[in-house]
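Descriptive analysis of the structure
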Amino acid sequence: MKNRLFPLIIALLSILPAFAQEPVEVTETVESINNISGSSLWVEVFRANWKDIVKEWKSIMKDYDGDVKTKSNELHATGVIIESISNSPIEVYFKVKEISETKHEIFVQFKSNGDFISRGNDISGYTSAESILNNYATKLSQEASSSYFEDQEKELKTLENTLEKLAREKKK
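The following refers to the structure shown.

Thresholds, definitions, all that
- Residues numbered from 1 in each chain as written.
- Predicted model: local features only at pLDDT ≥ 70, side-chain atom pairs only at ≥ 80, totals over all residues.
- Heavy atoms only, no water.
- Phe/Tyr/Trp six-rings, centres within 6.5 Å; stacked < 30°, edge-to-face > 60°.
- Helix = DSSP H or I, 4+ residues; strand = E, 2+ residues; numbered from the N terminus.
- Buried < 20%, exposed > 50% of the residue type's maximum accessible area, 1.4 Å probe, protein only.
- Core = buried A, V, L, I, M, F, W, Y, C linked by side-chain atoms within 4.5 Å.
- Contact = heavy atoms within 4.5 Å.
- 1 Å grid on protein atoms, 1.4 Å probe; cavity = no way out; pocket = protein on both sides within 12 Å on 5 of 7 lines; lining within 4 Å.
- Points joined across faces, edges and corners; volume = space filled by probe spheres on them.
- Pairing = 2+ DSSP bridges.
- Salt bridge = Lys/Arg side-chain N within 4 Å of Asp/Glu carboxyl O.

If you walk through the whole model with that rule in mind, you get three aromatic pairs. Arranged with centres 5.1 Å apart and planes meeting at 15°, the rings of Trp 57 and Phe 94 form a pair that is stacked. Here Trp 57, found in helix H2 (residues 50-63), pairs with Phe 94, found in strand S5 (residues 90-100); they are 37 residues apart in sequence, far enough to count as distant. Since its relative accessible area comes to 0%, Phe 94 is described here as buried.

The following block contains the structure:
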């Protein structure tokens, strides 16, 4: 009976963090990206790695016809056409900061006609930008968490097999 309880306990402990994952919340702040300081949207992404974070954002910008250039942990997209933000092309600045192995901060600036989009100067554009960033962070966090838990389940199966093997050897 003890041999059956051990894997169950491990399984429960590995699943609990899934329920504790914090919801994605986008907030407005001021940040310097690409040596340009201005109104930015901030969000945290959970369990995703830097490479996937940057790759997914580049993909989104290209979906909006943006020309993306990468410099270290920052991206700059020009010619981005997001009609819900502006009828003319905009610039988008993006920066990622690693907080821990499982948490990254994302800062994004949307610049239309020379002005940073903010809650104070363009509520419609701000709401659209906020929605884009929220969808991006939610999708990325969910995919990364799902992948993480799949890996944990594989590890659990390996441990269960090892435990069963040890139990059989002990009986001999």
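Note on soluble globular proteins: their nonpolar side chains tend to be buried together. The biggest cluster of nonpolar side chains holds 32 residues, and the ones touching the most others in it are Trp 57, Ile 106, Phe 110 and Tyr 136. Contributing elements (two or more residues each) for this core: strand S2 (36-46), H2, strand S4 (74-80), S5, strand S6 (103-112) and helix H3 (123-171). With seven residues, H3 is the single largest residue contributor to this core. Not counting residues within four places of it along the chain, the set of residues in contact with Phe 110 comprises Leu 41, Trp 57, Ile 82, Ile 85, Ile 90, Glu 91, Val 92, Asp 115, Phe 116, Ile 117 and Ala 129. Residues Ile 33, Trp 42, Tyr 93 and Phe 116 belong to the second largest nonpolar core, which totals five residues.

Under the criterion given, the structure shown has one cavity of 30 Å³ or more. By volume, the largest cavity is sized at about 30 Å³. Taken together, Ser 39, Ser 40, Leu 41, Val 108, Gln 109, Phe 110, Ile 117, Tyr 126 and Ala 129 make up the lining of the largest cavity. Mapped onto the lining of the largest cavity, the elements with two or more residues apiece are S2, S6 and H3.

Now for the pairing of strand S3 (residues 67-71). Here S3 runs beside S4; their pairing, made up of five bridges, is antiparallel. Among the inter-strand pairings, Thr 70 is bridged to a residue of S4, identified as Leu 75. A loop of two residues connects S3 with S4, the two strands running antiparallel in sequence, and Ser 72 in this loop sits at a positive phi of about 60°.

Okay, the pattern of salt bridges next. Applying the stated criterion across every chain yields a total of five salt bridges. The shortest N-O distance in the salt bridge between Glu 44 and Lys 103 comes to 3.7 Å. With Glu 44 in strand S2 and Lys 103 in strand S6, the pair connects residues that are 59 residues apart, well separated along the chain. The network of salt bridges with shared partners includes Glu 31, Lys 95 and Lys 97.

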